[in-house]
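Fold and geometry: a report
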Amino acid sequence: MALGLALVAAGYGFRGWALIAGVVCVVSFVVGVLVIMRGHRRVKELEGQALFDQEGH
């Protein structure tokens, strides 16, 4: 949603709003990736494996 807002704001020439929405988009993406990696790390630790051990499918 933030990416869409940034693109629409940029298209209409609202540079300030486009910048704010772009920053929100990037921060949301980074936080999402960190949350997923933390959950993956937790599951791997419960299985007794390192984070990047490749087993299974």
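These remarks concern the structure in this document.

Here's the deal with the overall build of the chain
Counting secondary structure elements, the chain contains two helices and zero strands. Expected size for 57 residues packed as a compact globule is a radius of gyration near 10 Å; at 18 Å, the chain overshoots this value by more than 25%. Considered along the principal axes of its C-alpha atoms, the chain spans approximately 50 × 20 × 15 Å. When burial is assessed residue by residue, the chain has 12% of its 57 residues classed as buried.

Focus on helix H1 (residues 2-11)
Taken together, the buried positions of H1 are occupied by Ala-2, Ala-6 and Ala-9. Seen from one end, H1 has its buried residues packed into an arc of 70 degrees, which puts them on one side. When the buried face of H1 is taken as reference, the exposed residues oriented beyond 90 degrees from it are Leu-7 and Gly-11. In the segment just after H1, Gly-13 is the residue with positive phi, at about 90 degrees.

Notes on helix H2 (residues 15-47)
Over its 33 residues, H2 extends 48 Å from the first C-alpha to the last, a length consistent with the 48 Å expected when each residue adds 1.5 Å. In the core, the buried residues of H2 are packed alongside H1. One or two positions beyond H2, positive phi appears at Gly-48, with a value near 80 degrees.

A look at the environment of Ala-21
Residue position: Ala-21 is located in helix H2. A C-alpha to C-alpha distance of 8.6 Å links Ala-21 and Leu-7, two positions 14 residues apart in sequence. Beyond its immediate chain neighbours, meaning those up to four positions away, Ala-21 contacts Ala-2, Leu-5 and Ala-6.

Some details on a nonpolar patch on the surface
Among the surface-exposed residues, Val-26, Phe-29, Val-30, Val-33, Leu-34, Met-37 and Phe-52 lie close enough to one another that they form a single nonpolar patch of about 710 Å² accessible area. Using a relative accessible area of 52% as the deciding quantity, one classes Val-26 as exposed.

As for the environment of Phe-52
Mapped onto the fold, Phe-52 is located in the segment after H2. The sequence separation of Phe-52 and His-40 amounts to 12 residues, and the corresponding C-alpha distance is 9.6 Å.

Each value, and the rule that gives it
Residues numbered from 1 in each chain as written. Predicted model: local features only at pLDDT ≥ 70, side-chain atom pairs only at ≥ 80, totals over all residues. Heavy atoms only, no water. Helix = DSSP H or I, 4+ residues; strand = E, 2+ residues; numbered from the N terminus. Rg over C-alpha atoms; globule rule 2.2 N^0.38 Å. Buried < 20%, exposed > 50% of the residue type's maximum accessible area, 1.4 Å probe, protein only. Arc of directions from axis to C-beta. Expected span 1.5 Å × (residues − 1). Contact = heavy atoms within 4.5 Å. Patch = residues over 30% accessible without salt bridge, like charges linked within 9 Å, V, L, I, M, F, W, Y side chains within 5 Å. Areas by Shrake-Rupley, 256 points an atom, 1.4 Å probe, with all protein chains shown as cover. Salt bridge = Lys/Arg side-chain N within 4 Å of Asp/Glu carboxyl O.

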